[in-house]
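Residues per chain are reported as follows:
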Number of protein chains: 2
Amino acid sequence: MNLRDLRYILAIAEHGQFSRAAEACGISQPTLSVQVRKLEEALGVTLFERGGKSVVPTEACDRLLGHVRGAVAEADAILAVARDLRDPLAGRFRLGIIPTLAPYLLPLVFAPLRAALPALEIEPWEDQTLALLERLRTHQLDAALLATEEDGPDLVGEALFEEPFLAALPPEHRLAGREVVAEAELAQDILVLADGHCLRDQALAACGQAGVLGSTLRSASLSTLLNMVAAGYGTTLIPGLAAGAAQDAGLVLRPLSARAGRCIRIVWRAGFPRRAAVEAVGEVIAARLRPFAEGAAAGAV
Amino acid sequence: MNLRDLRYILAIAEHGQFSRAAEACGISQPTLSVQVRKLEEALGVTLFERGGKSVVPTEACDRLLGHVRGAVAEADAILAVARDLRDPLAGRFRLGIIPTLAPYLLPLVFAPLRAALPALEIEPWEDQTLALLERLRTHQLDAALLATEEDGPDLVGEALFEEPFLAALPPEHRLAGREVVAEAELAQDILVLADGHCLRDQALAACGQAGVLGSTLRSASLSTLLNMVAAGYGTTLIPGLAAGAAQDAGLVLRPLSARAGRCIRIVWRAGFPRRAAVEAVGEVIAARLRPFAEGAAAGAV
DNA sequence: GTGACGCATAGATACCGTCTATGGCGGCGG
DNA sequence: CCGCCGCCATAGACGGTATCTATGCGTCAC
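Residues numbered from 1 in each chain as written. Chains lettered and ligands numbered in written order. Predicted model: local features only at pLDDT ≥ 70, side-chain atom pairs only at ≥ 80, totals over all residues. Heavy atoms only, no water.

Draft legend 1. Molecular detail of the environment of L89 of chain B. All names here are of chain B. Looking at the secondary structure, you find L89 in the loop between α4 (59-85) and β3 (91-97). Counting along the chain gives 18 residues from L89 to P107, while the straight-line C-alpha distance between them is 21 Å. Apart from residues lying up to four places away in sequence, L89 is in contact with L117, A119, L120, A276, A277 and A280. (Helix = DSSP H or I, 4+ residues; strand = E, 2+ residues; numbered from the N terminus. Contact = heavy atoms within 4.5 Å.)

Draft legend 2. Quick look at helix α3 (residues 29-43) of chain A. Relative to the 21 Å expected for 15 residues at 1.5 Å per residue, α3 of chain A spans 21 Å between its end C-alpha atoms, a close match to the ideal helical length. Among the residues of α3 of chain A, those classed as buried are L32, V36, L39, E40 and L43 of chain A. Taken down its axis, α3 of chain A places every buried residue within 100° of arc, on the same side. For α3 of chain A, exposure combined with an orientation more than 90 degrees from the buried face picks out K38, E41 and A42 of chain A. Against the buried residues of α3 of chain A lie α1 (3-15), α2 (18-25), β1 (48-50) and α4 (59-85) of chain A together with α4 of chain B. Phi turns positive one or two residues past the end of α3 of chain A, at G44 of chain A, with a value near 75°. (Expected span 1.5 Å × (residues − 1). Buried < 20%, exposed > 50% of the residue type's maximum accessible area, 1.4 Å probe, protein only. Arc of directions from axis to C-beta.)

Draft legend 3. Focus on the relation of the copies chain B and chain A. Here chain B sits on chain A after a turn of 180° about the axis and a move of 0.0 Å along it, with an RMSD of 0.1 Å. Considering both components of the superposition, the chain copies are consistent with a two-fold axis. Ranked by how close their C-alpha atoms come to the rotation axis, the residues of chain B are headed by A71 of chain B, at 2.3 Å. By residue overlap, the copies meet face to face through one surface: 100% of the interface positions of chain B are interface positions in chain A. (Least-squares fit on C-alpha atoms with pLDDT ≥ 70 in both.)

Draft legend 4. Region of the structure containing the packing of helix α1 (residues 3-15) of chain B against helix α3 (residues 29-43) of chain B. All names here are of chain B. Relative orientation of the contacting elements α1 and α3 amounts to 110°, with a least axis distance of 10 Å. As far as their axial angle goes, α3 and α1 are roughly perpendicular. Along the contact surface, α1 presents D5, Y8, I9 and I12, while α3 presents L32, Q35, V36 and L39. (Axes fitted to C-alpha atoms, helices over the stretch in contact; angles between N-to-C directions. Parallel < 35°, antiparallel > 145°, perpendicular 65-115°, else oblique.)

Draft legend 5. Region of interest: the protein's contact with DNA strand D. In the vicinity of DNA strand D, 20 residues are found, and the nearest of them are S28 of chain A together with F18, S19, S33 and R50 of chain B. A breakdown of the atoms of DNA strand D within 4 Å of the protein gives sugar and phosphate a share of 76%. The separation between a phosphate oxygen of DNA strand D and a polar main-chain atom of S28 of chain A is 2.7 Å. Q17 of chain B places a polar side-chain atom, nitrogen or oxygen, 3.2 Å from a phosphate oxygen of DNA strand D. Of all the secondary structure elements, the ones that give two or more residues to the surface near DNA strand D are α1 and α3 of chain A together with α2 (18-25) and α3 of chain B. Residue composition of the surface near DNA strand D, by class: six nonpolar, nine polar and five charged. (Near = heavy atom within 4 Å. Polar contact = N/O pair within 3.5 Å; in protein donor to acceptor, adjacent residues only side chain to side chain. Nonpolar A, V, L, I, M, F, W, Y, C, P; charged D, E, K, R; others polar.)

Draft legend 6. Fine view of the nonpolar core. Membership of the largest hydrophobic core comes to 73 residues, with the highest contact counts inside it found for F93 and V281 of chain B. Looking at this core element by element, the count peaks at eight residues for strand β6 (residues 155-169) of chain B. For F93 of chain B, the contacting residues outside a window of four places in its chain are L120, E121, I122, E123, D142, A143, F272, R274, A277, V278 and V281 of chain B. Grouped together as the second largest cluster of nonpolar side chains are 72 residues, L95, L120, F161 and V278 of chain A included. (Core = buried A, V, L, I, M, F, W, Y, C linked by side-chain atoms within 4.5 Å.)

Draft legend 7. Broad picture of the packing of aromatic side chains. Residues and elements named next belong to chain A. Summed over the entire model, instances satisfying the criterion amount to two aromatic pairs over all chains. Taking the centre distance of 6.4 Å and the plane angle of 80° together, the rings of F18 and F48 count as edge-to-face. Of this pair, F18 sits in helix α2 while F48 sits in strand β1; the two residues are 30 residues apart in sequence, bridging distant segments of the chain. It is R135 that lies over the ring of W125; its NZ or CZ is 4.0 Å from the centre. (Phe/Tyr/Trp six-rings, centres within 6.5 Å; stacked < 30°, edge-to-face > 60°. Lys NZ or Arg CZ within 6 Å of the ring centre and 35° of its normal.)

Draft legend 8. Molecular detail of the domain arrangement of chain A. Assigned domains within chain A: domain 1 (3-85) and domain 2 (89-301). Once you take the C-alpha centre of each, domain 1 of chain A and domain 2 of chain A turn out to be 61 Å apart. (Domains from an automatic or database assignment.)

Draft legend 9. Region of interest: the protein's contact with DNA strand C. Around DNA strand C sit 20 residues, and of these F18, S19, S33 and R50 of chain A together with S28 of chain B come closest. Residue F18 of chain A places a main-chain N or O atom 2.6 Å away from a phosphate oxygen belonging to DNA strand C. Note that a sugar or linking oxygen of DNA strand C is positioned 3.1 Å from one of the side-chain N or O atoms of R4 of chain B. Among the secondary structure elements, those contributing two or more residues to the surface near DNA strand C are α2 and α3 of chain A together with α1 and α3 of chain B. Residue composition of the surface near DNA strand C, by class: six nonpolar, eight polar and six charged.

Given below as structure tokens:
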């Protein structure tokens, strides 16, 4: 049994005539006759009583017509839904973002994303790198914005922008007067986030692997860390996009002499079929961040 | 798009794996791969994300799965209903019967019909010949029991049994003493049914076309006619199966010298597909009536 | 009676679903 | 580290079948 045959039956029932029905189906009348007969034999039921003049549906046909209409309607629904889904730049897009990036990047890119990809419903998901990778691999995310390299051959990524680190100091700090701060100098009284934040490891690495020297703040956000620094508990190293928040907290920011920083990339499963959506999102974000990169380069000169 | 493809999709969604799904569908794995890819291209939607290890349904696939299940379920329903309908000796069977036959034949044949064709739901429809022919032609009846010849090439019929006419007389009638009554003798004071009853025309014809001689009873049934005769208004000619009712009314019955009678036949549309049901019904009725015919022949000797 | 209309049949053709054989890729164990 | 195994994708061959055109037959109307 074939969906095509079911449509044939509906056409005959509607037109009450093989010839017109065949025309409506875009096939020849003999084809329709043969197909209907085959279907009747397959079902073991005579569907139409062929009289010299008219073709009348059998009572058996009447009993079946409801289900036939149902099947054809469901098939049409499949086509309709598929037509809706065809655009890869439409529909839900679950995007993971690390916590040290989300609060500062999202306000910048939400409006451009909605303007460039109006049909794409972006659902942000904020969590640490490992959790995001896990959700990515279990198909709970479509893509993720990370500051680390690709994690394996099953995931692929594309660099979006470079984010320089900045030294964040209390105004009264002895280094606050410098134009530029050396990474190693921060190591002495640096505060870092809890384990699991990629920024913690990268900050410590930038400062020459000061190791256990820095105090670790458990269960704290970058925002809390800024407040701690402002209160004079130490210094820290922040990603460039958090500069605004740091200044609001009353901190002094200084570029780093070795130009330490991190690379933000968008990562997705190698087999993910909506490649176009990933690349469109990446491009919009990268384009939005391009002026910042030029400004930073200019400022560093 | 094909129902088969939809079943393939369901199998993959269920097994999470092409190989097992192909096995479950009874096809080879390459066939399944090709068909799924074709369907994906036809729909313009990627349905499954093929990873090295596992196959995961796309979100688009999830959105479609409901309709896919619906379509397959309706298709299965078609097959199931068809299986139920396959037996031509099952289901509703609308049988027209003329009024001068129905009350006397039906009590005889109902039980045998139910015994021989338990799945056949016989719906009797009592009306005059012309009305039955009309309903037959408009597919409102499946067959009819008539006492007349076929009405045209679009209808075919088969003789079931011969029903002799009998002279019905009041006990005090001058002909009541005869062993046998001649048809022509009845003509003098015969009562007949209203126009439209085939029995009226046949009775008048049997009596030598006495023409307008006989009184016509409008809007009366054969039962009423018997009561009229019993009350002494005249004589009449009744079909053999009504003998019991006539005797109950106190009438004297006498065979006719010329053996006038009528032939009961079952009539159906030439194109009617449930030929087997018609013939089965006819055979049961004919078999039930066979002892009567033999008895009548024996009695006439 | 004849022409028009409609369904059925027959034979030819092209498409498509299916198979087997094979390749590529990732994971697992020796 | 290498080879084996499981799984999906691809390629080429084969067979079935849906479709076509041409034709026949029956019915209806003028």
